[in-house]
Amino acid sequence: MTMLGHYRPGASWLHRLPAGVKLVGLGAIIIVMTVLVDSPARLAVAAVAVVSAAVTARLSVWALIVQLRQVLWVVGVIFILQVVLTDWRRALVVCGVLLLAVTLAAMVTLTTRTTAMLDAATRAMTPLARFGFPVRQVAVALALTIRSIPLVVEIIGKVDEARRARGLRITPRIVFVPVIVGALRAADDFNEAMIARGID
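A brief look at the structure comes next. Remember, it's a predicted structure, so these values are computed and weren't measured experimentally.

About the cut-offs
Residues numbered from 1 in each chain as written. Predicted model: local features only at pLDDT ≥ 70, side-chain atom pairs only at ≥ 80, totals over all residues. Heavy atoms only, no water. Core = buried A, V, L, I, M, F, W, Y, C linked by side-chain atoms within 4.5 Å. Buried < 20%, exposed > 50% of the residue type's maximum accessible area, 1.4 Å probe, protein only. Helix = DSSP H or I, 4+ residues; strand = E, 2+ residues; numbered from the N terminus. Contact = heavy atoms within 4.5 Å. 1 Å grid on protein atoms, 1.4 Å probe; cavity = no way out; pocket = protein on both sides within 12 Å on 5 of 7 lines; lining within 4 Å. Points joined across faces, edges and corners; volume = space filled by probe spheres on them. Nonpolar A, V, L, I, M, F, W, Y, C, P; charged D, E, K, R; others polar. Expected span 1.5 Å × (residues − 1). Arc of directions from axis to C-beta.

Points about the nonpolar core
Right, on to step 1. Counting 27 residues, the largest nonpolar core has M33, V37 and M107 as the members making the most contacts within it.
Right, on to step 2. Of all the elements in the fold, those that place two or more residues in this core are α2 (19-36), α3 (40-56), α4 (61-68), α6 (88-111) and α7 (114-125).
Right, on to step 3. No other element matches α6, which puts nine residues into this core.
Right, on to step 4. Beyond its immediate sequence surroundings of up to four residues, M107 is in contact with L14, V50, A53, A54, L59 and L64.
Right, on to step 5. In terms of nonpolar packing, the next biggest core, distinct from the first, is built from eight residues, W73, I155, I156 and V159 among them.

Spelled out as structure tokens, the structure:
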């Protein structure tokens, strides 16, 4: 299965947009959704807008769903907690906005090469170098963050598969602890790889 974060070549309007524009737009849209989407009706409007953008960008909606399905159970846990703490409408809005935000991020990573995103981020931070800002180190951190998205999704998927194979229910000890341990092990691997390449 294609993991979240894998670039897919294309010639759509979203593919042609500069990486910097897409990154800034992604952040702006997520902030706007977080502030303005406060009811199921507005959530439905936002969902239609996101799906329309995916379709016009010639991205398969089903492919997006397949890529995101491994995080659905995490959203399900959040939904249950929100229902307990608030009500089902608030839970629907919170989880819906979260899913739309992840979908938008997937759309950006599917239509933008990682190198293009890093180049855009590096160019934006270059003026800060004169003030001692560690541009190179931050660029490396961004690269690792982008690379970690599909890796963490894969870890979550493997933990969930193991849980279902054993017939276990979702609990913090059974689910979240293995995910955290797996993420820490991956971080150690990243660290060793960077040291081996002289990046300290």
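Still to come is the rest of the account.
Notes on the layout of surface pockets
Right, on to step 1. For the largest pocket, the calculated volume is near 340 Å³.
Right, on to step 2. Around the largest pocket, the lining is made up of 17 residues, and of these I65, L68, L99, L100 and T103 lie nearest the centre.
Right, on to step 3. Listed by contribution, the elements that provide at least two residues to the lining of the largest pocket are α3, α4, α5 (72-85) and α6.
Right, on to step 4. The biggest single contributor to the lining of the largest pocket is α6, with six residues.
Right, on to step 5. Looking at the lining of the largest pocket residue by residue, the class counts come to 15 nonpolar, two polar and no charged.

Concerning α3
Right, on to step 1. With 17 residues, α3 extends 24 Å between its outermost C-alpha atoms, agreeing within 8% with the 24 Å of an ideal straight helix rising 1.5 Å per residue.
Right, on to step 2. Those residues of α3 that sit buried are L43, A46, V50, A53 and A54. Projected onto a plane normal to the axis of α3, the buried residues spread over an arc of 100 degrees and lie on a single side. In α3, the exposed positions that point more than 90 degrees away from the buried face belong to A41, V45 and V48.
Right, on to step 3. R58 sits one or two residues past α3 and shows a positive phi near 60 degrees.

So, the environment of W88
Right, on to step 1. With respect to the secondary-structure elements, W88 resides in helix α6.
Right, on to step 2. Beyond its immediate stretch of four places on either side in the chain, W88 contacts F79 and V83.

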